[in-house]
Amino acid sequence: MIGASAADSIEPGVINLYAPTDWFDLLVDGDDVQAAYDRCADLIDQSYPHQDAAFRASLTEALMAWRETIMQQGIIMSGFLAVPDSEHGDAAWQVTAGVVATPPIHRDVDLVEVVLRQFGGELGDKKEVYVELFETEIGLGVGIMSQPRFSPSGELVLFPPLAESSTGGATATFNHVDSWTKLGLAAVLSCPPEGGKGLLVIGNCLDPEQVLPLGAIVTLIGGKSHFVDSAV
């Protein structure tokens, strides 16, 4: 279901999400608050079995509060994956999806600009980021992969600049001190060329080297999901 969104121009409707079923989706229970609470409580109990009941209950309440917040923002999926010793190493991924209003697309570059507006950032030249345009079940798609940086003071750089090498060429080394934390970010916007409802899928991972497999999942969700014609 497409729930209430922060964008008033988006009407409620239905979307078929091409998404994994073997991860923890915080929003899969929809309006069934009790079912959501039971699943969250079970997750916390398994994650913190040695903590006392009061502590686990407080974590469950916090998770439910976060669930309510993101539902009010129009998020329709919030999947968590935490797997130790996986084929990609210790995987800790989060993938969210939401329905956004998109304008008509007249030029290929417009689609990239629409995605960047969702992030509040600018792509520009000489950025350490990969961008790809492709066709989706909804219409047009743009995928972006980056390795954002956090400073110790909390500053966030979504699309880090390429550093200049000694020979004057761009390199893939971030020009900041080593104390900055490096993450992985993958996003896909899928929307019809005539504008209207679009699907924005965003994934992040704690290990920046896992951004490629994370990007593959995000691309599958954004590329193969589709809106159902009959709105409810």
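Please read these numbers as outputs of a predicted model, since none were measured by experiment.

Cut-offs applied
- Residues numbered from 1 in each chain as written.
- Predicted model: local features only at pLDDT ≥ 70, side-chain atom pairs only at ≥ 80, totals over all residues.
- Heavy atoms only, no water.
- Helix = DSSP H or I, 4+ residues; strand = E, 2+ residues; numbered from the N terminus.
- Buried < 20%, exposed > 50% of the residue type's maximum accessible area, 1.4 Å probe, protein only.
- Contact = heavy atoms within 4.5 Å.
- Areas by Shrake-Rupley, 256 points an atom, 1.4 Å probe, with all protein chains shown as cover.
- Pairing = 2+ DSSP bridges.
- Expected span 1.5 Å × (residues − 1).
- Phe/Tyr/Trp six-rings, centres within 6.5 Å; stacked < 30°, edge-to-face > 60°.
- Lys NZ or Arg CZ within 6 Å of the ring centre and 35° of its normal.
- Salt bridge = Lys/Arg side-chain N within 4 Å of Asp/Glu carboxyl O.
- Arc of directions from axis to C-beta.
- Core = buried A, V, L, I, M, F, W, Y, C linked by side-chain atoms within 4.5 Å.

(A) The overall build of the chain, seen in detail. Along the chain, the regular secondary structure elements total four helices and 14 strands. Burial status across the chain gives 41% buried among its 232 residues. Expressed as a percentage of contacts within the chain between residues at least 6 apart in sequence, the contacts between residues at least 24 apart total 63%. Per element, the accessible surface of the chain, about 12700 Å² overall, is 54% carbon and sulfur.

(B) Spotlight on the sheet that holds strand 8 (residues 156-157). Reading across from one edge, 8-7-11 is the order of the three strands in this open sheet, with antiparallel pairing throughout. The two strands at the open ends of the sheet, each matched to only one other strand, are strand 8 and strand 11 (181-182). Bridge count for strand 7 (residues 149-150) against strand 8 is two bridges, and the pairing is antiparallel. When the bridges of strand 8 are listed, Phe-150 appears paired with Leu-156.

(C) How the structure looks around helix 4 (residues 211-224). Here helix 4 is 14 residues long and its end C-alpha atoms lie 20 Å apart, about the 20 Å a rise of 1.5 Å per residue gives. By the burial criterion, the buried members of helix 4 are Val-211, Pro-213, Leu-214, Gly-215, Val-218, Ile-221, Gly-222 and Gly-223.

(D) Quick peek at the side chain of Thr-60. Relative to the elements of secondary structure, Thr-60 occurs in helix 2 (residues 53-72). Judged by relative accessible area, which is 2%, Thr-60 ranks as buried.

(E) Molecular detail of the packing of aromatic side chains. The tally for this structure, following the rule as stated, stands at one aromatic pair. Seen from their ring centres, Tyr-48 and Phe-55 are 6.1 Å apart, and the 80 degrees between their planes marks the pair as edge-to-face. Classification of Tyr-48 as partly exposed rests on a relative accessible area of 37%. The positively charged end of Arg-39 is found above the aromatic ring belonging to Phe-24, 4.6 Å away from the centroid.

(F) Summary view of the pattern of salt bridges. Using the criterion set out here, one finds two salt bridges in the structure. Its salt-bridge partner being Asp-29, residue Arg-39 comes within 2.7 Å of it at the nearest N-O pair. Here Asp-29 lies in the loop between strand 2 (24-25) and helix 1 (33-47) and Arg-39 lies in helix 1, a separation of ten residues in the sequence. When its relative accessible area of 24% is taken as the criterion, Arg-39 is described as partly exposed. Ionic pairing is found between Asp-45 and Arg-56, a salt bridge with its closest N-O pair at 2.7 Å. In this pair, Asp-45 is assigned in helix 1 and Arg-56 in helix 2, connecting sequence segments eleven residues apart.

(G) Representation of the pairing of strand 13 (residues 196-205). Bridge analysis of strand 12 (residues 184-191) against strand 13 gives seven bridges, and the strand direction is antiparallel. Opposite Ala-187, over in strand 13, you have Ile-202 as the bridge partner. Connecting the antiparallel pair strand 12 and strand 13 is a turn made up of four residues, with Gly-195 showing a positive phi of about 85 degrees.

(H) Here's a closer look at helix 1. Taking 1.5 Å per residue, 15 residues should reach 21 Å; helix 1 reaches 21 Å between its end C-alpha atoms and fits that length. The set of residues buried in helix 1 consists of Ala-36, Cys-40, Ala-41 and Ile-44. Seen along its axis, helix 1 keeps its buried residues to an arc of 130 degrees; they face one direction. Residues Gln-34 and Gln-46 are exposed on helix 1 and point more than 90 degrees away from its buried face. Those residues of helix 1 that are buried are in contact with strand 2 and helix 2.

(I) Here's a closer look at the nonpolar core. The biggest cluster of nonpolar side chains holds 22 residues, and the ones touching the most others in it are Val-95, Leu-199, Val-201, Leu-214 and Val-218. With residues near it in sequence (within four places) discarded, Leu-214 still touches Trp-93, Val-95, Gly-184, Ala-186, Gly-203, Asn-204 and Cys-205. Listed in part, the eight residues of the second largest apolar core include Leu-27, Ala-36, Met-64 and Ile-70.

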